[in-house]
Amino acid sequence: MSKSIDRITSQNVPGERALERVRIAAVEERDHSVDLVLEVPSCERVTRSVQKPPVWGSNCALATLLEAFDLERENLQGLLGKRVPCTLTAGEGLESLELDIASLAEAHTTTAVTPRGFGDLELS
């Protein structure tokens, strides 16, 4: 990881920090994955890959990412400009920025009690 990631931490100490507003600056589709170029608050760019699943389902990170923005599989470019939650893990000389797919999924749906029992309620 480059030193540029270090600039987005408020202090250079080991630990995790949530970044809620990381912009997707570019999307490049590959055979088995999608590369997302994330623009961190310091305006530096970091590329992260999300695997395309052999079978699409709710446990797929790419499907969760697309569903969070109400996008279809064919509309990967619709992710451009979207802001996604990420987690920055800073260690001794090693920094890592990862998409927080679980947080994204949790923010998109919540369990609600309906007259017929429990169900998913989409938040907009």
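The structure displayed is predicted, hence computed values, not measured ones.

**Considerations on the pattern of salt bridges**
Here's step 1: Applying the stated criterion across every chain, the model contains six salt bridges.
Here's step 2: The partner of Asp-35 in a salt bridge is Arg-30, and the shortest N-O contact between them spans 2.6 Å.
Here's step 3: Overall, the relative accessible area of 10% leaves Asp-35 in the buried class.
Here's step 4: In this structure, Glu-39 and Arg-45 form a salt bridge, with 3.2 Å as the shortest nitrogen-oxygen distance.
Here's step 5: Residue class for Glu-39 comes out buried when judged on its relative accessible area of 18%.

**Overview of helix H1 (residues 61–68)**
Given 3.6 residues to a turn, an α-helix orients residues that are three or four positions apart in the same direction.
Here's step 1: For H1, the tally of buried residues reaches six of eight residues, placing the bulk of the element in the interior.
Here's step 2: Those residues of H1 that sit buried are Leu-62, Ala-63, Thr-64, Leu-65, Leu-66 and Ala-68.
Here's step 3: Where H1 terminates, the next one or two residues include Asp-70, which has phi positive at roughly 55 degrees.

**Remarks on a negative patch on the surface**
Here's step 1: Taken together, the side chains of Glu-67, Asp-70, Glu-72 and Glu-74 present a region of like negative charge at the surface.
Here's step 2: Residue position: Glu-67 is located in helix H1.

**Quick notes on the confidence of the model for the protein chain**
A low pLDDT means the predicted coordinates there should not be read in detail.
Here's step 1: Chain-level pLDDT for the protein chain is 75 on average; 66% of the residues reach the 70-or-more range.
Here's step 2: Of all helices and strands in the protein chain, the one with the weakest mean pLDDT is strand E6 (residues 109–114) (47), whereas strand E2 (residues 33–39) scores best (94).
Here's step 3: Across residues 1–14, confidence stays below pLDDT 50; counting only partners more than four residues off in sequence or on other chains, it has 27 contacts.
Here's step 4: Of the regions scoring below 50 in pLDDT, residues 110–114 engages in twelve contacts with residues more than four places distant in sequence or in other chains.

**What about the pairing of strand E5 (residues 95–99)?**
Here's step 1: Taking every second residue as pointing to the same face, the buried face of E5 carries Glu-95, Leu-97 and Leu-99, while none of Ser-96 and Glu-98 on the other face is buried.
Here's step 2: Bridging between strand E4 (residues 83–90) and E5 involves five bridges; their strand directions are antiparallel. Bridge pairing in E5 places Ala-90 opposite Glu-95.

Here is what the cut-offs are and how they apply
Residues numbered from 1 in each chain as written. Predicted model: local features only at pLDDT ≥ 70, side-chain atom pairs only at ≥ 80, totals over all residues. Heavy atoms only, no water. Salt bridge = Lys/Arg side-chain N within 4 Å of Asp/Glu carboxyl O. Buried < 20%, exposed > 50% of the residue type's maximum accessible area, 1.4 Å probe, protein only. Helix = DSSP H or I, 4+ residues; strand = E, 2+ residues; numbered from the N terminus. Patch = residues over 30% accessible without salt bridge, like charges linked within 9 Å, V, L, I, M, F, W, Y side chains within 5 Å. Areas by Shrake-Rupley, 256 points an atom, 1.4 Å probe, with all protein chains shown as cover. Lys, Arg positive; Asp, Glu negative; His and termini not counted. Charge placed at Lys NZ, Arg CZ, Asp CG, Glu CD. pLDDT = per-residue confidence, 0-100. Contact = heavy atoms within 4.5 Å. Pairing = 2+ DSSP bridges.

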